[in-house]
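# Analysis of the macromolecular model
Below, each chain spelled out in residue letters.
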Amino acid sequence: MAKVLSGAGLRGQVAGKTALSTVGKSGSGLTYRGYDVKDLAENCEFEEVAYLILKGKLPTQDELATYKTQLKGMRGLPQALKDVLERIPADAHPMDVLRTGCSMLGNLEGEHSFDMQQQVADRMLAAFPSIICYWYRFSHDGVRVDVETDDNSIGAHFLHLLHGKKPSELHERVMHVSLILYAEHEFNASTFTARVCASTLSDMHSCITGAIGSLRGPLHGGANEAAMEMIERFTSADHAEQEMMGMLERKEKIMGFGHAIYSESDPRNAIIKLWSEKLAADVGDTVLYPVSVRCEEVMWREKKLFCNADFFHASAYHFMGIPTKLFTPIFVMSRLTGWAAHVMEQRADNRIIRPSAEYVGEELRSVTPIASR
Ligand SMILES: CC(=O)SCCNC(=O)CCNC(=O)[C@H](O)C(C)(C)COP(=O)(O)OP(=O)(O)OC[C@H]1O[C@@H](n2cnc3c(N)ncnc32)[C@H](O)[C@@H]1OP(=O)(O)O
Ligand SMILES: O=C([O-])CC(=O)C(=O)O
């Protein structure tokens, strides 16, 4: 059954054109520049997909090697940015840290001309894991990490900085898959934020800073953290079922379920679920994965609501030892590619985005002098 795409929230309204992705249109559900996300997640590294999204085609072996070398060389952070990160308290939300980090980078290395847009996007792609881990390790462990690692991928760079050691092959592969799944999703709220900002001919850092703010909310990217906070309260699958039934009765919103566009499933879920299962076996988990599966069963049985991309990401990240509050920043490290490509697409065929509002306020009236009010 197709989802009714109308009503509030601009649902179902075409707000522009894109050649970047299709959501819920083709049989496969999600495509990036014509490639099925499942195909990409099975056969590619994240850097190949970033190249596809940002530069328009899948790279050759040589192009990929050059791109990865280029990104590796851009991992360092200017001292002024490190100084700012060191002043942000440990109890700040990491999404706020990234928002500030991105904005500060824009002050230090601004996009002075749109000719710089590719280079600016690549720089952010390389620097965001450094920003988040530099702050996290300094504020939590008192360590000033050397962010210029020689890791072969963005995911490995992130895990290495976070844990102080190179990740296993399994963890590096899961990071590739996760970053691929989160990379691009048409006119979702954060991407639309970036495009609105781009439509004023603003700079890339402003567009991305705004998008980070939109992604932070629990109805969007923040749902993976909210899902984790929920599932870790459940001690068994039966306990999960009992609690979920109560939440549904109380008409509470359950994070990690439902979608604005998809009607029956989110194609990213089956992929990350499989990796979560592998990671559960790897760490010998007997609680969190069965709890997650039961949540999925209950929500479908009771409400015909399905897991979106965020739900099984929660357990997968947890099994890799990633602290919950860093879940949504990983989403940023990936979606940055989609945001930046949408900014470029908007700029290439721009008209300022300025919709109209239906006025529901007072009729015209005159001002009563202040002494008589
Ligand atoms: C990567 C991502 O950003 S994916 C989305 C991540 N967000 C979440 O997981 C948050 C939880 N989910 C939600 O809040 C919603 O499903 C959204 C924001 C994703 C989509 O919102 P909408 O398009 O407005 O949802 P939709 O129109 O399908 O809702 C239909 C009904 O199902 C309910 N519903 C939808 N999702 C949920 C949920 N997760 N838990 C409980 N009820 C839900 C709605 O409240 C609505 O009920 P109503 O008609 O009585 O008001
Ligand atoms: O498309 C949406 O509304 C939300 C989403 O799944 C995403 O941004 O990945």
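Bear in mind that the values here come from a model prediction, so they are computed numbers and not experimental data. (Residues numbered from 1 in each chain as written. Chains lettered and ligands numbered in written order. Predicted model: local features only at pLDDT ≥ 70, side-chain atom pairs only at ≥ 80, totals over all residues. Heavy atoms only, no water.)

### Structural notes on the overall build of the protein
Summing up its helical and strand segments, the protein has 16 helices and three strands in all. Taken over C-alpha atoms, the radius of gyration comes to 21 Å for the protein, in line with the 21 Å a tight globule of 373 residues would show. Projecting the C-alpha coordinates of the protein onto the three principal axes gives extents of approximately 70 × 55 × 50 Å. In the protein, which comprises 373 residues, the share counted as buried stands at 52%. The long-range fraction of contacts in the protein, counting pairs at least 24 apart against all pairs at least 6 apart in sequence, stands at 76%. Carbon and sulfur atoms form 52% of the exposed surface of the protein, whose accessible area is close to 17400 Å². The distance from the centre of the 40 positive side-chain charges to the centre of the 48 negative ones in the protein is 4 Å. (Helix = DSSP H or I, 4+ residues; strand = E, 2+ residues; numbered from the N terminus. Rg over C-alpha atoms; globule rule 2.2 N^0.38 Å. Buried < 20%, exposed > 50% of the residue type's maximum accessible area, 1.4 Å probe, protein only. Contact = heavy atoms within 4.5 Å. Areas by Shrake-Rupley, 256 points an atom, 1.4 Å probe, with all protein chains shown as cover. Lys, Arg positive; Asp, Glu negative; His and termini not counted. Charge placed at Lys NZ, Arg CZ, Asp CG, Glu CD.)

### Examining the UniProt feature "active site" (unreviewed entry) in the protein
Per the UniProt entry, the sites bearing "active site" (unreviewed entry) are H259 and D310 in this numbering. Across 52 residues, the annotated set stays spatially compact, with a maximum C-alpha separation of 10.6 Å. Along the polypeptide, H259 turns up in the loop between α12 (237-249) and α13 (267-283). The residues touching H259, leaving out its near neighbours within four places in the chain, are K3, H185, D266, R268, F306 and N308. A distance of 2.9 Å separates a polar side-chain atom of H259 from the backbone nitrogen of I261. Within the secondary structure, D310 sits in the loop between α14 (288-303) and α15 (311-319). Setting aside residues up to four positions removed in sequence, D310 forms contacts with Y182, H220, G221, A223, N224 and F331. In this structure the side chain of D310 is engaged in a polar contact, spanning 2.4 Å, whose partner is the side chain of Y182. (UniProt positions renumbered as here; feature names shortened; annotations may be inferred. Polar contact = N/O pair within 3.5 Å; in protein donor to acceptor, adjacent residues only side chain to side chain.)

### What to know about the environment of K303
With respect to the helices and strands, the residue K303 is situated in helix α14. Along the backbone, K303 and L248 are 55 residues apart, and their C-alpha atoms lie at a distance of 8.7 Å. Residues in contact with K303, not counting those within four places in the same chain, are L248 and V298.

### Some details on the state of the cysteines
Using the criterion set out here, one finds zero disulfides in the structure. Counting only cysteine sulfurs, C207 is the nearest neighbor of C102, a cysteine outside any disulfide, at a range of 9.6 Å. Left unpaired, C197 is separated from the closest cysteine sulfur, that of C207, by 3.9 Å. (Disulfide = S-S within 2.5 Å.)

### Overview of the nonpolar core
Ranked by internal contacts, the top residues of the largest apolar core, which has 112 residues, are Y32, F128, F158, C295 and I322. Broken down by element, this core gets its largest block of residues, 13 residues, from helix α6 (residues 117-141). Leave out the neighbours within four places in its chain, and C295 touches M230, I231, F234, A240, M244, F257 and F311. (Core = buried A, V, L, I, M, F, W, Y, C linked by side-chain atoms within 4.5 Å.)

### Here's the deal with the site of ligand 2
What surrounds ligand 2 is the set H185, N188, H220, H259, R268 and R335. Note that an oxygen atom of ligand 2 is positioned 2.7 Å from one of the side-chain N or O atoms of H185. In this structure, H259 approaches ligand 2 through a side-chain N or O atom, which is 2.7 Å from an oxygen atom. Isolated, ligand 2 exposes 270 Å² of accessible area, and the fraction of that covered by the protein chains is 83%. (Near = heavy atom within 4 Å.)

### Section: the packing of α14 against α15
Geometrically, a packed helix pair is captured by the angle between its two axes and the distance between the axes. At their nearest, the axes of α14 and α15 sit 10 Å apart, and the two run at 180° to each other. Considering the angle they form, α14 stands roughly antiparallel to α15. Residues L288, Y289, S292, V293, C295 and E296 of α14 form the contact with α15, whose own contacting residues are F311, F312, S315, H318 and F319. Along the lines of polarity and charge, the residues of the contact of α14 with α15 split into seven nonpolar, three polar and one charged. (Axes fitted to C-alpha atoms, helices over the stretch in contact; angles between N-to-C directions. Parallel < 35°, antiparallel > 145°, perpendicular 65-115°, else oblique. Nonpolar A, V, L, I, M, F, W, Y, C, P; charged D, E, K, R; others polar.)

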